[in-house]
Amino acid sequence: EVQLVESGGGLVQPGGSLRLSCAASGFTFSNYAMSWVRQAPGKGLEWVSRTNSGGGSTSYADSVKGRFTISRDNAKNTLYLQMNSLKPEDTAVYYCARVVTTGWVWSYDYWGQGTQVTVSS
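Keep in mind that what you see is a predicted model, and the values were worked out from it rather than measured. (Residues numbered from 1 in each chain as written. Predicted model: local features only at pLDDT ≥ 70, side-chain atom pairs only at ≥ 80, totals over all residues. Heavy atoms only, no water.)

**Re the pattern of salt bridges**
Argument step 1. Counted under the stated rule, the structure contains 5 salt bridges.
Argument step 2. When the shortest N-O distance is used, the salt bridge between Arg67 and Asp90 registers 2.7 Å. Residue Arg67 is located in the loop between β6 (58-60) and β7 (68-73), and its partner Asp90 is located in the loop between β8 (78-83) and β9 (92-102); the two are separated by 23 residues in the primary sequence. Assigned by exposure class, Arg67 and Asp90 land together as buried.
Argument step 3. Members of the salt-bridge network, linked through shared partners, are Arg38, Glu46, Arg67 and Asp90. (Salt bridge = Lys/Arg side-chain N within 4 Å of Asp/Glu carboxyl O. Helix = DSSP H or I, 4+ residues; strand = E, 2+ residues; numbered from the N terminus. Buried < 20%, exposed > 50% of the residue type's maximum accessible area, 1.4 Å probe, protein only.)

See below:
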């Protein structure tokens, strides 16, 4: 059974940092690209970042570029998101998701339960 379990969320002041983790099990983690996706209160899903299966290629939404860093440890089957210089608009539930591709089309077939990040003074 595929499982993705996020952790590391919490309440942080503006300008602070958090590191999210996503523990994967039930599949060969190193074979899959992975993403972080977030959902702010009352809003739709927003893609945050993606890494390829090996971790050598990453991409970011403009809203987080330069502040967030995605990484992975395939030996530990874990995906990370280091979030620095956090802003109130980063407040959201953060999900990790397994990426599947059909040609040039990216989609997600498994999601974690999410971890809440709240940025507030």
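Structure's up, so let's keep going.
**Brief notes about the pairing of β7**
Argument step 1. Here β7 shows a clear split, with Phe68, Ile70 and Arg72 buried on one side and none of Thr69, Ser71 and Asp73 buried on the other.
Argument step 2. From the end of β7 to the start of β8, which pair antiparallel, there are 4 residues, and Asn77 there has a positive phi angle of about 55°. (Pairing = 2+ DSSP bridges.)

**Looking at the nonpolar core**
Argument step 1. Of all hydrophobic cores here, the largest spans 26 residues; its most connected members are Trp36, Phe68, Leu79, Leu81, Met83 and Tyr94.
Argument step 2. Here this core gets 4 residues from one element, more than from any other, and that element is strand β3 (residues 18-25).
Argument step 3. Leaving out residues up to four positions away in the same chain, Tyr94 has contacts with Glu6, Leu20, Trp36, Val37, Arg38, Val48, Phe68, Leu81, Met83, Gly114, Thr115 and Val117. (Core = buried A, V, L, I, M, F, W, Y, C linked by side-chain atoms within 4.5 Å. Contact = heavy atoms within 4.5 Å.)

**Quick notes on unusual backbone geometry**
Argument step 1. Even without a glycine there, the phi angle at Asn77 is positive, about 55°.
Argument step 2. Considering the arrangement of structural elements, one finds Asn77 in the loop between β7 and β8.
Argument step 3. Of note, Ser85 is a non-glycine position whose phi angle comes to about 50°, a positive value.
Argument step 4. With respect to the helices, strands and loops of the structure, Ser85 is situated in the loop between β8 and β9.

**Some words on the sheet that holds β3**
Argument step 1. The 4 strands are arranged β1-β3-β8-β7 in an open sheet whose pairing can be described as antiparallel. Pairing within the sheet leaves two strands with one partner each, and these edge strands are β1 (3-7) and β7. Averaged over all adjacent pairs, the angle separating strand axes in this sheet is 15°, with direction ignored.
Argument step 2. Of the strand pairs in this sheet, β7 and β8 are connected by 6 bridges, and their pairing is antiparallel. Bridge assignment links Ile70 to a residue of β8, and that residue is Leu81. (Axes fitted to C-alpha atoms, helices over the stretch in contact; angles between N-to-C directions.)

**Topic: the state of the cysteines**
Argument step 1. As enumerated under the stated definition, the model contains 1 disulfide in all.
Argument step 2. A sulfur-sulfur distance of 2.0 Å marks the disulfide that ties Cys22 to Cys96. Negative torsions about the S-S bond denote left-handed disulfides, and the value of about 50° found for Cys22 with Cys96 makes this one right-handed. Placement of Cys22 in strand β3 and of Cys96 in strand β9 is noted, with a sequence separation of 74 residues between them. The pair Cys22 / Cys96 is uniform in exposure class, with both members buried. (Disulfide = S-S within 2.5 Å.)

**What about the packing of aromatic side chains?**
Argument step 1. Counting across every chain of the model gives 4 aromatic pairs.
Argument step 2. Relative to Trp111, the ring of Tyr95 lies with its centre 6.1 Å away and its plane at 80°, an arrangement referred to as edge-to-face. Taken together, the residues span a long stretch of sequence, with Tyr95 in strand β9 and Trp111 in strand β10 (residues 105-111) at a distance of 16 residues.
Argument step 3. The exposure class assigned to Trp111 is partly exposed, which follows from its relative accessible area of 35%.
Argument step 4. Taken together, the ring pairs in this structure connect Phe27, Phe29 and Tyr32 into an aromatic cluster.
Argument step 5. Across the ring face of Phe27, the terminal group of Arg98 is positioned such that the distance to the ring centre comes to 4.8 Å. (Phe/Tyr/Trp six-rings, centres within 6.5 Å; stacked < 30°, edge-to-face > 60°. Lys NZ or Arg CZ within 6 Å of the ring centre and 35° of its normal.)

Any functional reading would require information beyond the geometric quantities listed.
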